[in-house]
Amino acid sequence: MIKSELIQRLAEANPHLYQRDVERIVSTVFEEIGAALQRGDRVELRGFGAFSVKRRPARIGRNPRTGEQVQVAEKHVPFFKSGKELRERLNTEDGE
Amino acid sequence: MQGNTVTRAQLSEAVYQEVGLSRNESAQLVEAVLDEIVDSLVEGETVKISSFGSFVVRHKGGRMGRNPKTGEEVPISPRRVLVFRPSHVLKDQVDQSLSQGG
């Protein structure tokens, strides 16, 4: 399912809403999560999961081709851990 | 690294501010967005949100594990796990706002 299909499904389930509003709802949800991560905040959605940012410290890396040492700068990466309820649903209701 | 925690309440508030539905309906719609994603994942479908990332269900085979405390061998049954792969856009945004000179 891609974003436009998600919007489509929500629009069908909520026929009283304008498609344009459904699009804004979906975009707002993901934009807010993204904005929170950019602030270094954690986003906790019980039953679904939690988004957070992990810091990867600077390190000395190596170019695998030349063997040359390179300085790799500190990095911050988005991280998601699925919630307990979702993990359980993935393993009880088999979709296949 | 950890500052504040954002929950459904803030997402609903943002939808309320942005779209102009009632607070109650905004909250229901945030829930509906999450529910649609979960339903899709439970069906084994990948959920791909452009400029945000994809949620992918992966199958893990069974294996023998070990209780690290007792050393006892315990079977781990095959299971499905959810992996989130952030998009390049999200990764760049997060890294640029949080890493020095990133």
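Our structure is the block above this text.
All figures in this text were calculated on a predicted structure; none of them were measured in a lab. (Residues numbered from 1 in each chain as written. Chains lettered and ligands numbered in written order. Predicted model: local features only at pLDDT ≥ 70, side-chain atom pairs only at ≥ 80, totals over all residues. Heavy atoms only, no water.)

J.: How would you summarise the overall build of chain A if you had to cite specific residues and measurements?
T.: Across its full length, chain A holds three helices and five strands. Seen in sequence order, chain A has helices and strands lined up from the N terminus as α-α-β-β-β-β-β-α. For 96 residues, the compact-globule estimate of 2.2 N^0.38 gives 12 Å, and chain A exceeds it by more than 25% at 19 Å. Across its three principal axes, chain A shows a C-alpha extent of roughly 60 × 35 × 25 Å. Looking at chain A as a whole, 41% of its 96 residues qualify as buried. Nonlocal contacts in chain A, meaning residues at least 24 apart in sequence, comprise 28% of its contacts between residues at least 6 apart. When the accessible area of chain A is evaluated, it comes to approximately 5,700 Å², of which 47% is carbon and sulfur surface. (Helix = DSSP H or I, 4+ residues; strand = E, 2+ residues; numbered from the N terminus. Rg over C-alpha atoms; globule rule 2.2 N^0.38 Å. Buried < 20%, exposed > 50% of the residue type's maximum accessible area, 1.4 Å probe, protein only. Contact = heavy atoms within 4.5 Å. Areas by Shrake-Rupley, 256 points an atom, 1.4 Å probe, with all protein chains shown as cover.)

J.: Would you mind going over helix H1 (residues 8-19) of chain B in detail, with residue names and values included?
T.: A rise of 1.5 Å per residue sets the reference length of H1 of chain B, with its twelve residues, at 16 Å; its end C-alpha atoms lie 16 Å apart and thus fit the reference within 8%. Close packing links the buried residues of H1 of chain B with helix H2 (19-38) and strand S1 (42-45) of chain A together with strand S1 (5-6) and helix H2 (23-42) of chain B. Phi turns positive, to about 85 degrees, at Gly 20 of chain B, one or two residues after H1 of chain B. (Expected span 1.5 Å × (residues − 1).)

J.: Before we move on, can you summarise the interface of chain A and chain B with the specific residues and values?
T.: Taken together, the 48 residues of chain A in the interface contact 53 residues of chain B. Interface area for chain A against chain B, summed over the two sides, is near 4,900 Å², with a carbon-plus-sulfur share of 66%. Inspection of the chain A/chain B interface yields two salt bridges. With its nearest N and O atoms 3.5 Å apart, the salt bridge here joins Asp 39 of chain B to Arg 89 of chain A. One can count 16 residue pairs in polar contact (both at pLDDT 80 or more) joining chain A with chain B. When residues of the side of chain A that touches chain B are traced back to their parent elements, those giving at least two are helix H1 (3-13), H2, S1, strand S2 (49-56), strand S5 (75-82) and helix H3 (84-92) of chain A. Broken down by element, the side of chain A that touches chain B gets its largest block of residues, 13 residues, from H2 of chain A. (Buried area = accessible area lost by both parts, 1.4 Å probe. Salt bridge = Lys/Arg side-chain N within 4 Å of Asp/Glu carboxyl O. Polar contact = N/O pair within 3.5 Å; in protein donor to acceptor, adjacent residues only side chain to side chain.)

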